[in-house]
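Summary of the model geometry
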Amino acid sequence: MKLYVVLLVILFNLMGCKEKPITNERSSSYSDLVNFFMDWRKFQVPNMVAGIPDYSASAMVDQHQTLSLWQKNLMSFDTTDWPIKHQIDWYLVFAEMNGLDFDHRVIQPWAKDPAFYVWFYPSPSDVPEREGPNMHGAIELNTYGDSFSIDEVNMLELQLGLSEKIVDQAKINLIGIGKDLWVTGVRSIKEQSTDLEAFAKKMAHLYPSLAQAALRSKNASDRFVVWLEAQVVNKTGPSGIGKSNYDWYVKKVHLSPYTWDQEHLLLQRELARSHASLRFSEHRNRLLPKLQKAGDAISYNKLLTDGVEEYLDFFEIDSFISIKPYMKKALMDQVGPYTSQEGIRGFFDEIDYRDPMPMRAHHFHWIEKEREILEPLESPIRKVPLLYNIFDSRAEGLATALEELVMNAGLLKNRPRATELVYIMLAQRAARGLAGLYQHSLEMTLDESTQYAAKWVPWGLLPADGSTIQHEEQFYLEQPGYGSSYVIGKIDIDRLIAEYARQREGSFKLIEFMDDLCRVGIIPMSLIYWEMTGSRALLDEALR
């Protein structure tokens, strides 16, 4: 059924079909908003020309000019008497339209960022939609399952066969001068070539024709790299968007109540708190053996699998959240193979190889990915991933908050050394978030931002030239606000808990809070705060 739908969508796009005509009729019906949203999502997708999305300058000008009509029609809805949950859905459409507007006015990834044209993603994202600006129609390999049918092989060959056309269009569209976006963009396309080569090798025995298609796609990717590298020498401009643009974006698109300056202050506070808490935790644990990294596959697998069991047992025994059958599989699927390596692995491996609990908390992401499929939300607007990563404060904020919340609830009482890892992880997120802010305020280049983050992560676990921070800071440059969303979202979770519990003074139950939070969906924290407390305070701060 999934492939049939994909084929219909591709056929629909190839035929040049688009959204229904928009009207200026005033409406007070929620069902009209839902229909309007469905049409809006069709409009948001660029026109398809010869099987690929058209990001040409003229096409983007046309889309931006028409967007104002869509925004005008959205404003014509009378939501006065709607229940809060339906008013919130209106704001989700409002935020997405602001996101497209900002893409056209400021970010313009199709013109400024070579990485926008990555067309092959072999691994899934851990949040509702792939992070950052991405070309429409890119191959998400995980959507095809573990094995391919003949129809799926044909579909993949068709998609891979469009690579040359994508490169030809990208060469025309890319006119930006931001040095860091170009340098990192070249790296992203090179990594795509490596991924395509690995995929071809994997497919060579079972699906030779698919392997050949992947190799042809790799060749197109390689030629794209050659062209990009020839252009980089002329790219000397800044890549950040500036403070005023940043403020508008996080407030009007992500509906977050903070300015750049306020986020900066909050992240500085959390960075200092994480370091102070770490040092006191180290002092408390000074007579205990230090954590040792798992040294072989057997001990590593036992560490991680036992950790999953203990984590879910804690959820159930401690009445932390309602347990669902899919939770164990979601977490076990993320237990990766053991790798033997000298020196520093990736930052999160350095955590996992010492103690499994801090990352099991953050892997709540994967539980939510399963919930999206098995327990879809009632709202047609919320049950699909929000565009422009508008979900970041909730998705990343809760995953980050849980690291400390489960610790405070008692998960680590028999793992005192693991508390040190929790504070190191918070320091890492605060440091890289600040580094992302400095890129957008034009105070740091990408290289300077990675050095700053490395300086402020304890134990030397985040080297500036390592893959983790290099890719994170590239992504935060591409997607303003995401780098700070981990800590800012965590702070908003704290604000939510405070008000939610205050309203239930003496009768607050953690399991009820967590279940209510999950039922609202993965939407901006300001809207969750409104739905769960009845107060628009955070949203009104964002809209000022």
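Just so it is clear, the structure is predicted and the values come from calculations on it, not from any experiment.

A word on the overall build of the protein. Helix and strand counts for the protein stand at 24 helices and four strands. The globule rule puts the C-alpha radius of gyration for 544 residues at 24 Å, and the 23 Å found for the protein is close to it. Across its three principal directions, the C-alpha atoms of the protein cover 70 × 60 × 50 Å. The buried share of the protein, reckoned over its 544 residues, is 56%. Looking at the protein alone, contacts between residues at least 24 apart form 79% of all its contacts between residues at least 6 apart.

With that settled, the discussion passes to the packing of aromatic side chains. Evaluated as defined, the whole model comprises 39 aromatic pairs. Ring centres of Tyr144 and Phe148 lie 6.2 Å apart, and the angle between their planes is 90°; on these two criteria the pair is classed as edge-to-face. Classification of Tyr144 by relative accessible area gives buried; the value is 8%. On the accessibility criterion, Phe148 (11% relative accessible area) is buried.

Relative to the 36 Å expected for 25 residues at 1.5 Å per residue, helix α11 (residues 260–284) spans 36 Å between its end C-alpha atoms, a close match to the ideal helical length. Listing the buried residues of α11 in full gives Trp260, Glu263, His264, Leu267, Glu270, Leu271, Ser274, His275, Ser277, Leu278 and Ser281. Close packing links the buried residues of α11 with α10 (243–252), α18 (418–440), α19 (446–455) and α21 (482–502).

It is worth spelling out the environment of Glu191 at this point. Looking at where Glu191 falls in the secondary structure, it is placed in helix α8 (residues 179–203). Given the relative accessible area of 29%, Glu191 is considered partly exposed.

Secondary-structure assignment places Tyr482 in helix α21. Sequence separation between Tyr482 and Leu437 is 45 residues; the distance between their C-alpha atoms is 9.7 Å. Those residues in contact with Tyr482 that lie beyond four places of it in its chain are Val127, Glu131, Asn389, Phe391, Asp392, Glu396, Phe475 and Tyr476.

Running from amino to carboxyl end, helix α6 (residues 150–160) crosses helix α9 (residues 208–232) at an angle of 15°, the nearest separation of the two axes being 9 Å. With respect to α9, the axis of α6 lies roughly parallel. Considering the relative orientation of α6 and α9, their crossing is left-handed. Facing α6, whose interface residues are Val153, Leu156, Glu157 and Leu160, α9 presents Ser209, Leu210, Ala213, Ala214 and Ser217. Looking at the contact of α6 with α9 residue by residue, the classes come out as six nonpolar, two polar and one charged.

One pass over the full model with this rule turns up 33 salt bridges. With a shortest N-O distance of 3.0 Å, Arg279 and Glu282 are connected by a salt bridge. Taken together, the residues Arg279 and Glu282, both in helix α11 and three residues apart, mark about one turn of the helix. Via salt bridges that share partners, Glu270, Arg273, Glu404, Lys490 and Asp494 belong to a single interconnected network.

Within the secondary structure, Val250 is located in helix α10. For Val250, a relative accessible area of 3% puts it in the buried group. Sequence separation between Val250 and Phe148 is 102 residues; the distance between their C-alpha atoms is 40 Å. Setting aside anything within four residues of it in sequence, one finds Val250 in contact with Leu255, Ser256, Tyr258, Glu263 and Gly481.

For the rest of this paragraph, the subject is the side chain of Asp89. Along the polypeptide, Asp89 turns up in helix α4 (residues 84–107). Residue classification places Asp89 among the buried residues on the basis of a relative accessible area of 1%. The contact partners of Asp89, leaving out residues within four places of it in the chain, are Tyr30, Leu33, Ser379, Ile381 and Arg382.

Per-residue confidence for the protein gives a mean pLDDT of 95; residues scoring 70 or more make up 95%. In the predicted structure, residues 1–17 sits below a pLDDT of 50 and forms 15 contacts with residues beyond four places in sequence or in another chain.

For helix α20 (residues 467–478), built from twelve residues, the straight-helix expectation of 16 Å at 1.5 Å per residue is met to within 8% by its first-to-last C-alpha distance of 17 Å. Those residues of α20 not exposed but buried are Thr468, Ile469, Gln470, Glu472, Glu473, Gln474, Phe475, Tyr476, Leu477 and Glu478. Taken together, the buried residues of α20 touch α4, α8, α14 (347–352), α18, α19 and α21.

Once that is clear, we can look at the side chain of Ser217. Residue placement: Ser217 occurs in helix α9. Residue classification places Ser217 among the buried residues on the basis of a relative accessible area of 0%. In contact with Ser217, not counting residues within four places along its chain, are Trp119, Leu160, Ser163 and Leu196.

Reading the values: rules and limits
Residues numbered from 1 in each chain as written. Predicted model: local features only at pLDDT ≥ 70, side-chain atom pairs only at ≥ 80, totals over all residues. Heavy atoms only, no water. Helix = DSSP H or I, 4+ residues; strand = E, 2+ residues; numbered from the N terminus. Rg over C-alpha atoms; globule rule 2.2 N^0.38 Å. Buried < 20%, exposed > 50% of the residue type's maximum accessible area, 1.4 Å probe, protein only. Contact = heavy atoms within 4.5 Å. Phe/Tyr/Trp six-rings, centres within 6.5 Å; stacked < 30°, edge-to-face > 60°. Expected span 1.5 Å × (residues − 1). Axes fitted to C-alpha atoms, helices over the stretch in contact; angles between N-to-C directions. Parallel < 35°, antiparallel > 145°, perpendicular 65-115°, else oblique. Left-handed = near helix turned anticlockwise from the far one by under 90°. Nonpolar A, V, L, I, M, F, W, Y, C, P; charged D, E, K, R; others polar. Salt bridge = Lys/Arg side-chain N within 4 Å of Asp/Glu carboxyl O. pLDDT = per-residue confidence, 0-100.

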